[in-house]
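Summary of the model geometry
Residue-level listing of the chains:
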Amino acid sequence: MPDFVIVALGGAVGCLCRYMIQQMPLLGADRTWPTLAVNIIGCLLIGFIATLIDSHGGMRQLRLLLVTGFLGGFTTYSTFTLDAATLLRAGEALRAFGYVAVTFVTGFAAYIIGYLSAQKLL
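Now for a look at the structure at hand. Note that this is a predicted model, so its numbers are computed, not measured.

Let us look at the overall build of the protein chain. Broken down by element type, the protein chain carries 5 helices and 0 strands. The N-to-C order of helical and strand elements in the protein chain reads α-α-α-α-α. Taken along the three principal axes of its C-alpha coordinates, the protein chain extends 50 × 30 × 25 Å. Residues counted as buried form 34% of the 122 residues belonging to the protein chain. Summarising the internal contacts of the protein chain: among those between residues at least 6 apart in sequence, 71% fall at separations of at least 24. Once the 7 positive and 5 negative side-chain charges of the protein chain are each reduced to a mean point, those two points are 3 Å apart.

Structure, rendered in structure tokens:
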């Protein structure tokens, strides 16, 4: 199967999963919470999955499917940026700054947790 098809399949599934999370009523009408949740989950998964795949000789097509495709479609930096800009335009600079800071800090922490979990598993 060509690489671009593998990436496209993974991306399509990742986009659908992100959409389903964004529709969850428990995350409320505020669109920043679903985006934050998706990005933190994605950081955790990318740390875990990429570490497992890379430690087993790379498995290039699996990495393309799960990391580049699925997680690339699942996480959403562009939506994160739009959410932060929307908060700024609405005059909520402190909230926008907090959203950006929380996203980066928890995203990095989630990656580290995923990475360390995979290392421990190995």
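Additional details are given in the paragraphs that follow.
So, on to the layout of surface pockets. Looking at the largest pocket, its volume works out to about 240 Å³. Forming the boundary of the largest pocket are 16 residues, of which N39, C43, T75, T76 and Y77 lie nearest the centre. If one sorts the elements of the lining of the largest pocket by residue count, helix α2 (residues 32-55) sits on top with 5 residues. Its residues assigned to classes, the lining of the largest pocket comprises 8 nonpolar, 8 polar and no charged.

Calculation notes
Residues numbered from 1 in each chain as written. Predicted model: local features only at pLDDT ≥ 70, side-chain atom pairs only at ≥ 80, totals over all residues. Heavy atoms only, no water. Helix = DSSP H or I, 4+ residues; strand = E, 2+ residues; numbered from the N terminus. Buried < 20%, exposed > 50% of the residue type's maximum accessible area, 1.4 Å probe, protein only. Contact = heavy atoms within 4.5 Å. Lys, Arg positive; Asp, Glu negative; His and termini not counted. Charge placed at Lys NZ, Arg CZ, Asp CG, Glu CD. 1 Å grid on protein atoms, 1.4 Å probe; cavity = no way out; pocket = protein on both sides within 12 Å on 5 of 7 lines; lining within 4 Å. Points joined across faces, edges and corners; volume = space filled by probe spheres on them. Nonpolar A, V, L, I, M, F, W, Y, C, P; charged D, E, K, R; others polar.

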